[in-house]
Number of protein chains: 2
Amino acid sequence: MAAQTILFDFTLDKDKTADAQQRQEVAKILRNELEHVFPQLELAYSMESEENGYFSVLHENKDTIITCRIFQHGLLTLNVEYYLPDGKEPIISFDIGKSLENSLALKLKALRGQKLPALKRGDVARYFPSSDERIIEYDIDTLVYETRSPFQKIQIMHSKTLGNMLILDELQNIAESDLIYTETLMGRGIENYEGKEICILGGGDGALLYELLKENPKHVVMLEIDELVMQACNKHLNSICGDVLEKRKTDQYEIIVGDCVEYMKKFIAEGRKFDYVFGDLTDIPISGAPIGECWDFIRTIFEHSFKVLKPDGKYLTHGNGTSCIESLELFEEQLGLLKPKVKFTTTKAFVPSFMEEWLFYQVTFA
Amino acid sequence: MAAQTILFDFTLDKDKTADAQQRQEVAKILRNELEHVFPQLELAYSMESEENGYFSVLHENKDTIITCRIFQHGLLTLNVEYYLPDGKEPIISFDIGKSLENSLALKLKALRGQKLPALKRGDVARYFPSSDERIIEYDIDTLVYETRSPFQKIQIMHSKTLGNMLILDELQNIAESDLIYTETLMGRGIENYEGKEICILGGGDGALLYELLKENPKHVVMLEIDELVMQACNKHLNSICGDVLEKRKTDQYEIIVGDCVEYMKKFIAEGRKFDYVFGDLTDIPISGAPIGECWDFIRTIFEHSFKVLKPDGKYLTHGNGTSCIESLELFEEQLGLLKPKVKFTTTKAFVPSFMEEWLFYQVTFA
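For clarity, every value in this text was computed on a predicted model and none was experimentally measured.

A word on the overall build of chain A
Here's step 1: A count of helical and extended segments in chain A gives 9 helices and 20 strands.
Here's step 2: Against the 2.2 N^0.38 benchmark of 21 Å for 366 residues, chain A shows a C-alpha radius of gyration of 26 Å, more extended than a compact globule.
Here's step 3: Dimensions of chain A along its principal axes, counting C-alpha atoms only, are 80 × 45 × 35 Å.
Here's step 4: Per-residue burial for chain A yields a buried fraction of 57% across its 366 residues.
Here's step 5: Restricting to contacts in chain A with at least 6 residues of sequence separation, those with at least 24 account for 60%.
Here's step 6: In the form shown here, chain A has an accessible surface area of approximately 15,100 Å², with 50% of it arising from carbon and sulfur atoms.
Here's step 7: The centroid of the 40 positive side-chain charges in chain A is displaced by 2 Å from the centroid of its 59 negative side-chain charges.

Points about the interface of chain B and chain A
Here's step 1: On the side of chain A, 68 residues touch chain B, which itself brings 68 residues to the contact.
Here's step 2: Carbon and sulfur atoms make up 62% of the area that chain B and chain A hide from each other, which totals about 6,000 Å².
Here's step 3: Of all residues in chain B, R121(B), R134(B) and I135(B) give up the largest surface area on contact with chain A, accounting jointly for 11% of the area buried on that side.
Here's step 4: Linking chain B with chain A are 4 salt bridges.
Here's step 5: With its nearest N and O atoms 3.7 Å apart, the salt bridge here joins R121(A) to D9(B).
Here's step 6: Taken together, the connections running from chain B to chain A amount to 34 residue pairs in polar contact (both at pLDDT 80 or more).
Here's step 7: Of the residues assigned to the side of chain B that touches chain A, the class counts are 32 nonpolar, 16 polar and 20 charged.

A closer look at the sheet that holds strand 17 (residues 274-280) of chain B
Residue and element names in this part refer to chain B.
Here's step 1: Taken together, the 7 strands give an open sheet; going across it, the order is 16-15-14-17-18-20-19, and neighbouring strands pair in mixed fashion. Edge strands, defined here as strands with exactly one partner in the open sheet, are strand 16 (253-257) and strand 19 (342-351). Mean inter-strand twist for the sheet, computed between neighbouring axes without regard to direction, equals 15°.
Here's step 2: Strand direction decides the pairing type here: strand 18 (residues 309-321) and strand 20 (residues 356-365), joined by 5 bridges, are antiparallel. If you follow L316 over to strand 20, its bridge partner there is Q362.
Here's step 3: Strand contacts of helix 7 (residues 260-270): strand 14 (197-202), strand 15 (219-224), strand 16 and strand 17, with the helix running at about 135° to strand 15, the strand carrying the most contacts.

Points about the confidence of the model for chain A
Here's step 1: Across chain A, pLDDT averages 93, with 97% of residues at or above 70.
Here's step 2: When the criterion is pLDDT under 50, residues 285-290 of chain A qualifies, and its contacts beyond four places in sequence or with other chains add up to 5 contacts.

So, the sheet that holds strand 16 (residues 253-257) of chain A
Residues and elements named next belong to chain A.
Here's step 1: In spatial order, the strands read 16-15-14-17-18-20-19; together these 7 strands make up an open sheet with mixed pairing. The open sheet has two edge strands with one neighbour each: strand 16 and strand 19 (342-351). Across the sheet, the mean angle from the axis of one strand to that of its neighbour is 15°, orientation sign disregarded.
Here's step 2: Bridge analysis of strand 17 (residues 274-280) against strand 18 (residues 309-321) gives 5 bridges, and the strand direction is parallel. Note that in strand 18 the partner of F278 across the bridge is L316.
Here's step 3: Running at roughly 165° to strand 19, helix 3 (residues 179-186) makes contact with strand 17, strand 18, strand 19 and strand 20 (356-365) of the sheet.

Looking at the pattern of salt bridges
Here's step 1: Under the counting rule described, the total for this entry stands at 50 salt bridges over all chains.
Here's step 2: Its salt-bridge partner being E215(A), residue R188(A) comes within 2.8 Å of it at the nearest N-O pair. Taken together, the residues R188(A) in the loop between helix 3 and strand 14 (197-202) and E215(A) in the loop between helix 4 (207-213) and strand 15 (219-224) connect sequence positions 27 residues apart.
Here's step 3: Classification of R188(A) as partly exposed rests on a relative accessible area of 27%.
Here's step 4: As a salt-bridge pair, K120(B) and E137(B) come within 2.7 Å of each other at their nearest N and O atoms. Placement of K120(B) in strand 7 (residues 119-121) and of E137(B) in strand 9 (residues 135-137) is noted, with a sequence separation of 17 residues between them. Like K120(B), the residue E137(B) is buried in the burial classification.
Here's step 5: Among the charged side chains, a salt-bridge network with shared partners connects E183(A), R188(A), E211(A), K214(A) and E215(A).

Points about the packing of helix 7 of chain B against helix 8 (residues 294-307) of chain B
Residue and element names in this part refer to chain B.
Here's step 1: Contact pair helix 7 / helix 8: the axes reach a minimum separation of 9 Å and the direction vectors enclose 30°. For the element pair helix 7 / helix 8, the angle class is roughly parallel. Between helix 7 and helix 8 lies a crossing whose hand is left-handed. Contact with helix 7, carried on its side by C260, V261, M264, K265 and I268, involves T300, I301, H304, S305 and K307 of helix 8 and no other residues of that element.

Some words on the environment of F94(A)
Here's step 1: In this fold, F94(A) is placed in helix 2 (residues 94-107).
Here's step 2: Residue F94(A) is classed as partly exposed on the basis of its relative accessible area of 25%.
Here's step 3: C-alpha separation for the pair F94(A) and K14(A), spaced 80 residues apart in sequence, amounts to 29 Å.
Here's step 4: Excluding residues that lie within four positions of it along the chain, F94(A) makes contacts with K115(A), P129(B) and E133(B).

Looking at helix 9 (residues 325-336) of chain A
Residues and elements named next belong to chain A.
Here's step 1: Taking 1.5 Å of rise per residue, 12 residues should cover 16 Å, and helix 9 covers 16 Å from first to last C-alpha, within 8% of that figure.
Here's step 2: Of all the residues in helix 9, the buried ones are L328, F331, Q334 and L335. Around the axis of helix 9, the buried residues are gathered within 115° of arc, so they sit on the same side. Opposite the buried face of helix 9, by more than 90 degrees, sit the exposed residues I325 and E326.
Here's step 3: Looking at the packing, one finds that the buried side of helix 9 touches helix 8 (294-307), strand 18, strand 19 and strand 20.

Some words on the packing of aromatic side chains
Two aromatic rings are characterised by how far apart their centres lie and by the angle between their planes.
Here's step 1: Counted by the stated rule, this structure contains 32 aromatic pairs over all chains.
Here's step 2: On the basis of an interplanar angle of 35° and a centroid distance of 6.1 Å, the ring pair of Y193(A) and F278(A) is categorised as tilted. You can see Y193(A) sitting in the loop between helix 3 and strand 14 and its partner F278(A) sitting in strand 17, a full 85 residues away along the chain.
Here's step 3: Among the residues examined, Y193(A) registers a relative accessible area of 0% and is labelled buried.
Here's step 4: Residue classification places F278(A) among the buried positions, given a relative accessible area of 0%.
Here's step 5: Centre to centre, the rings of F350(A) and F350(B) are 5.5 Å apart; their planes meet at 40°, and the pair counts as tilted. Within this pair, whereas F350(A) is found in strand 19, its partner F350(B) is found in strand 19, the two belonging to separate chains.
Here's step 6: Following the ring pairs from residue to residue traces out a cluster consisting of F302(A), F306(A), Y315(A), F331(A), F344(A), Y361(A) and F365(A).
Here's step 7: For the cation-ring pair, R272(A) lies above F267(A), with the distance from its terminal atom to the ring centre recorded as 4.7 Å.

Thresholds applied
- Residues numbered from 1 in each chain as written.
- Chains lettered and ligands numbered in written order.
- Predicted model: local features only at pLDDT ≥ 70, side-chain atom pairs only at ≥ 80, totals over all residues.
- Heavy atoms only, no water.
- Helix = DSSP H or I, 4+ residues; strand = E, 2+ residues; numbered from the N terminus.
- Rg over C-alpha atoms; globule rule 2.2 N^0.38 Å.
- Buried < 20%, exposed > 50% of the residue type's maximum accessible area, 1.4 Å probe, protein only.
- Contact = heavy atoms within 4.5 Å.
- Areas by Shrake-Rupley, 256 points an atom, 1.4 Å probe, with all protein chains shown as cover.
- Lys, Arg positive; Asp, Glu negative; His and termini not counted.
- Charge placed at Lys NZ, Arg CZ, Asp CG, Glu CD.
- Buried area = accessible area lost by both parts, 1.4 Å probe.
- Salt bridge = Lys/Arg side-chain N within 4 Å of Asp/Glu carboxyl O.
- Polar contact = N/O pair within 3.5 Å; in protein donor to acceptor, adjacent residues only side chain to side chain.
- Nonpolar A, V, L, I, M, F, W, Y, C, P; charged D, E, K, R; others polar.
- Pairing = 2+ DSSP bridges.
- Axes fitted to C-alpha atoms, helices over the stretch in contact; angles between N-to-C directions.
- pLDDT = per-residue confidence, 0-100.
- Parallel < 35°, antiparallel > 145°, perpendicular 65-115°, else oblique.
- Left-handed = near helix turned anticlockwise from the far one by under 90°.
- Expected span 1.5 Å × (residues − 1).
- Arc of directions from axis to C-beta.
- Phe/Tyr/Trp six-rings, centres within 6.5 Å; stacked < 30°, edge-to-face > 60°.
- Lys NZ or Arg CZ within 6 Å of the ring centre and 35° of its normal.

Right, dumping it as structure tokens:
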């Protein structure tokens, strides 16, 4: 079950859309052209205003509904929407859409035109934002698992090309395709983990723990708040986490289910220190804090992390998409506020399931 | 200059949308909830039909226009559109949109809900399809160059994270981020090009020629039809093509501007043979042939290529996105029709500017 929405937009000469009369003219041309594709097209409604231009509703048998706006600034938007039963061919195929775009652009004498790929609405969730809020459509074919934990909405979705993906509160976290994410986060081939003591904050998908254990560390402790995330990943993401989430304690590692800040406080009180601390938490605190307080949370994590770090230790974490310059600057500003002073280097990787390049930080005492 | 379009959809219990009366009820709930965000909301128009359900137009000051459809199959779509002047904050920010989605889902008792990231319409082209027609939004900030050659529309666009991208007839071709594309196509580290004779069909971006020349081949001949593509890439993509497009002939290579099929016929007549032939043409023939004849074109290329290949030579080419199973099957079917018989292996790579995994073919005589 799904509706299809196909969006077109055209940039027109401003002089052609400045007054109501001119917009009527453009609307007429548009309608004539649409009738080639929709022979039973009817005008159902139209509205005009000095400040907001022209708007109309056209339809064919009340089935395909087309809305059109002509803004006085020389922009025309056209939204075509219809119900597409399972297994039926779309009314506006890729090629028909393209040729409609071309003929409209020609007839409207548009300066530029664009047809967006058809949007599918009503079935599986497939649209997710990049870190800078761009739309990305994933080739998701199944919702494998869904539950709501006390902390967040947990979903495992299957992408045809990326494998199973972990989605937390409707944001992409990691997929089976993302070994590069873990390897860049840990600096594989650069850092030496042999015989080292390591603390992971978060990391509930198990991928980081799994990869670290291959490098013979002395001991890894992982502090993850959400038991249900680990259960979901243990079952559906074992190509990236192996069986590390099966057991909670071995000679080599311990997984503690709880709030990482509380446990770090305990470690500080005990004087327990690590060679490496990993910040592998979700971007936004899952405590339900308002977004504005996100940076307070991040700074709290930093402050505690550096208190459980040996003097020559390293704090390794992901930053954000490299296109999020502002957010990365704010992140670095927070690092700059820390006492004692720290310094950092960065690395980058294109993460398949994020569909973008991501920045990673390696932070040490200055 | 841009309009913002924000799309929501909700899956409802079918029993709540089956008749006109019920749909009216749902519309009322929706309107009440929208009034929290749009206090001056007005109903401008509504339409109802047995077969196609309910449709309405709501607006606030004719500025933000909201259209709503309630399909009898239990699907509600909501399209919000307004004009966003440059530099102004959107009316529906990411967080407002998310919270509107949540409150609507709650009040409508929806089985599922989805808010698509806001679509920007009217400025630079930023939406391109994946090979399986999924929508992908690129972080394009500038149209660097645009021209129309006798063969195609040529654009160079700048993406903040992928660098300059070559766009031919509104489809992504290659970007500065895509060394992996060229390396996978040529099987770097697997194939040995030293002292070999090579023919490239297409390859106008120069990246393949540039990388091949690093491997000390005896000679490379490149057959590219579009002079203007090479000029554009020489100027705007030189991080991936170096200066190979500057000169058209050296001791090591020759670039011939012309139809590759014609030149292959010439080579066949002369008895000229190659160790490697590369199919590095655009997916769809640029000759303007109907899409249906695309496979005829591809087969023609195959047939001629194998006639200029030495008995132990290899034909290397890209296939398609790995999610395009049908298209890949058709491609392999064409290979199966060739005489003498051929056999093939495949390799894969996630190509950053395609935002998907792509399949590459290595074909030899059976």
